[in-house]
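What follows is each chain in one-letter form.
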Amino acid sequence: MTFGRAILTHGGAGVDPKHADGTLSAAEAGMELMVNGQSALDASVHAVRCLEDDPRFNAGTGSRLRADGRTVQMDASCMASDGAFGGVIGVEGLCNPIDIAHAVLLYSPHVLIAGEGATRFAREHDLAMRLLDDAYVQEKAADIQKPACDTVGAVTFDGASFAAALSSGGLSGSAIGRVGDVPLPGCGAYCGPAGAVACTGDGEFIALKILAREVYGWLEQQMPVDDAVRKALTLFEDGVDIGLIVLTSTACAADARDGMPWSCLTEPS
């Protein structure tokens with residue numbers, strides 16, 4: 001069976017799978033956009049925005065505090081199967097960094113924009129930006145400073161093209177300015193004509209493997225998606241937290257070493 005439309009969402013490796021109601025809501029929102037004629041890219045960005053707005057996940061409103069105990073820095077990226085990519089690094093004070101990453105893809109000659117430059121770019125392009133409530137972030141972060149991986153993601157297929165999107169709330173207690181795999185092209189996410197991949201887990205390990213591009217290469221070689229997911233997990237030593245979602249025009253798969261909330265919706269062509 002070839003999909004007419006498909007979407008997979010995840011809430012982060014190591015996150016309690018019982019939160020799959022949140023990933024399902026995000027998948028439903030993204031699918032609704034595609035049903036109404038919007039693109040795979042629009043759907044993946046919208047799904048990730050929904051996950052950013054769910055404080056149970058480590059992105060947007062659920063982001064983690066850095067080593068100083070008060071700073072939140074977020075990364076996000078998105079990619080379309082024609083090769084277009086946009087990412088932001090170290091965004092502070094805003095609820096939805098994925099929207100800025102999307103604007104970078106659409107409107108900027110650059111691939112990545114960091115820090116205050118990303119916020120300024122958003123203002124220059126009149127993006128509707130909701131501010132993080134500092135008191136809320138501090139209160140929430142105090143409740144969830146347990147280990148958690150730093151990514152939510154979505155991969156989509158609209159019947160013609162693929163897309164992927166990721167957002168990260170940072171790693172609890174990490175250094176100011178630390179960057180994981182999320183905004184780095186080919187590391188956390190990658191897509192092309194053969195399909196789409198989004199990764200989650202220990203960002204430094206994912207980045208050094210350029211994992212998403214590696215897995216995408218297996219899709220180009222027509223490796224079954226279940227085999228690709230299993231093989232990806234074997235690339236890392238025990239104790240490295242890794243998960244991923246993979247989508248082609250005919251199949252989808254997801255897995256993580258330590259559990260992961262994820263959801264998949266498909267429609268036949």
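Residues numbered from 1 in each chain as written. Predicted model: local features only at pLDDT ≥ 70, side-chain atom pairs only at ≥ 80, totals over all residues. Heavy atoms only, no water.

Caption draft 1: The sheet that holds strand 6 (residues 162–168), seen in detail. If you walk across this open sheet you meet the seven strands as 4-3-2-6-5-1-11, and the pairing is mixed. Strands at the two margins of the open sheet, each flanked by one partner only, are strand 4 (112–114) and strand 11 (262–268). Geometrically, the sheet is characterised by an average inter-axis angle of 5° between neighbouring strands, direction not taken into account. Contacting strand 1 (3–10), strand 5 (152–157) and strand 11, helix 1 (residues 20–35) runs over the sheet at an angle of about 150° to strand 1. Across the sheet, helix 2 (residues 40–52) lies against strand 1, strand 2 (74–80), strand 5 and strand 6, angled at about 155° from strand 5, the strand it touches most. (Pairing = 2+ DSSP bridges. Helix = DSSP H or I, 4+ residues; strand = E, 2+ residues; numbered from the N terminus. Axes fitted to C-alpha atoms, helices over the stretch in contact; angles between N-to-C directions. Contact = heavy atoms within 4.5 Å.)

Caption draft 2: Quick peek at unusual backbone geometry. One non-glycine residue with positive phi stands out, namely Asp126, at about 55°. By the secondary structure assignment, Asp126 is in the loop between helix 4 (115–124) and helix 5 (134–143). What makes Asp126 exposed here is its relative accessible area of 69%. Residues other than glycine seldom take positive phi values, yet Ile210 does so here, at roughly 45°. (Buried < 20%, exposed > 50% of the residue type's maximum accessible area, 1.4 Å probe, protein only.)

Caption draft 3: Helix 2, seen in detail. Here helix 2 is 13 residues long and its end C-alpha atoms lie 18 Å apart, about the 18 Å a rise of 1.5 Å per residue gives. Among the residues of helix 2, those classed as buried are Ala40, Leu41, Ala43, Ser44, Val45, Ala47, Val48, Leu51 and Glu52. Turning to helix 2, the residues buried within the fold contact strand 1, helix 1, strand 2, helix 3 (97–107), strand 5 and strand 6. (Expected span 1.5 Å × (residues − 1).)

Caption draft 4: The arrangement of the environment of Trp218 in detail. Relative to the assigned elements, Trp218 resides in helix 7 (residues 211–220). With 14 residues separating them along the chain, Trp218 and Ala232 place their C-alpha atoms 9.9 Å apart. Setting aside anything within four residues of it in sequence, one finds Trp218 in contact with Met223, Ala228, Lys231, Ala232 and Leu235.

Caption draft 5: Fine view of helix 3. Buried residues dominate helix 3, accounting for nine of its 11 residues. Contact partners of the buried residues in helix 3: helix 2, strand 2, strand 3 (85–91), strand 4, helix 4 and strand 6.

Caption draft 6: Examining the packing of aromatic side chains more closely. Tallied over the entire structure, the rule returns two aromatic pairs. Considering the side-chain rings of Phe157 and Phe162, the 4.4 Å spacing of their centres and the 25° angle between planes classify their relative orientation as stacked. Assessed through its relative accessible area of 6%, Phe157 is described here as buried. Residue classification places Phe162 among the buried residues on the basis of a relative accessible area of 4%. With a centroid separation of 5.1 Å and 55° between ring planes, the pair formed by Tyr190 and Tyr216 is classed as tilted. One end of the pair, Tyr190, is in strand 7 (residues 189–192); the other, Tyr216, is in helix 7, and 26 residues separate them in sequence. Accessibility expressed as a relative area gives 3% for Tyr216, which makes it buried. (Phe/Tyr/Trp six-rings, centres within 6.5 Å; stacked < 30°, edge-to-face > 60°.)

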